[in-house]
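A look at the structure
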Amino acid sequence: GVRVVIDPGQDIELVFDQKYKVSSMKLQDISQSSAKQRAGRSGRTAPGHCFRLYSEQNFKIRKTNKVP
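Residues numbered from 1 in each chain as written. Predicted model: local features only at pLDDT ≥ 70, side-chain atom pairs only at ≥ 80, totals over all residues. Heavy atoms only, no water.

**Some remarks on the packing of aromatic side chains**
Under the defined criterion, the tally for this structure stands at zero aromatic pairs. Between Arg 52 and the ring centre of Phe 59, over which it is positioned, the NZ or CZ distance is 4.9 Å. Above the plane of the ring of Tyr 54 lies Arg 62, whose end atom (NZ or CZ) is 4.1 Å from the centre. (Phe/Tyr/Trp six-rings, centres within 6.5 Å; stacked < 30°, edge-to-face > 60°. Lys NZ or Arg CZ within 6 Å of the ring centre and 35° of its normal.)

Structure below.
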């Protein structure tokens, strides 16, 4: 039933620091594939919209896929 998605373009991810051997949560930009997946959540059952809070130019310079 999701019809509207607001995509801020960032996500909190668990990142492991090799130097200090510590995991931490960091705010990072999402990839293009993650942005497309978020947009796909709107309108699955009915017409919907996705509003991105960043420019199209910013979308194009993001990584195409998430780094494992």
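**Digging into the environment of Lys 63**
Looking at the element boundaries, Lys 63 is found in the segment after helix H2 (56-61). Excluding residues that lie within four positions of it along the chain, Lys 63 makes contacts with Ser 31 and Gln 32. (Helix = DSSP H or I, 4+ residues; strand = E, 2+ residues; numbered from the N terminus. Contact = heavy atoms within 4.5 Å.)

**So, helix H1 (residues 32-40)**
Among all positions in H1, only Gln 32, Ala 35 and Arg 38 are buried. Down the axis of H1, the sector holding all buried residues measures 120°, keeping them to one side. Those residues of H1 hidden inside the fold are in contact with strand E1 (4-7), strand E2 (10-17), strand E4 (49-52) and H2. (Buried < 20%, exposed > 50% of the residue type's maximum accessible area, 1.4 Å probe, protein only. Arc of directions from axis to C-beta.)

**A look at the layout of surface pockets**
Estimated volume of the largest pocket: approximately 260 Å³. If you go around the largest pocket, you meet 13 residues; those closest to its centre are Glu 13, Gln 28, Lys 63, Lys 66 and Val 67. For the lining of the largest pocket, the secondary-structure elements that each account for two or more residues are E2 and strand E3 (22-29). The leading source of residues in the lining of the largest pocket is E2, at three residues. Counted by class, the lining of the largest pocket contains five nonpolar, three polar and five charged residues. (1 Å grid on protein atoms, 1.4 Å probe; cavity = no way out; pocket = protein on both sides within 12 Å on 5 of 7 lines; lining within 4 Å. Points joined across faces, edges and corners; volume = space filled by probe spheres on them. Nonpolar A, V, L, I, M, F, W, Y, C, P; charged D, E, K, R; others polar.)

**Side note on unusual backbone geometry**
Despite not being glycine, Lys 21 has its phi angle at roughly 55°, a positive value. Counting through the fold element by element, Lys 21 comes out in the loop between E2 and E3. Assessed through its relative accessible area of 61%, Lys 21 is described here as exposed.

**So, the confidence of the model for the protein chain**
Per-chain confidence: the protein chain averages 93 in pLDDT, with 100% of residues scoring 70 or above. Looking across the protein chain, the model is least confident in E2, with a mean pLDDT of 92, and most confident in H2, with 96. (pLDDT = per-residue confidence, 0-100.)

**What to know about the side chain of Ser 42**
Tracing the backbone through its elements, the reader meets Ser 42 in the loop between H1 and E4. The exposure class assigned to Ser 42 is buried, which follows from its relative accessible area of 11%. Polar contacts involving the side chain of Ser 42 include one to the main-chain carbonyl oxygen of Ala 39, which spans 2.9 Å. (Polar contact = N/O pair within 3.5 Å; in protein donor to acceptor, adjacent residues only side chain to side chain.)

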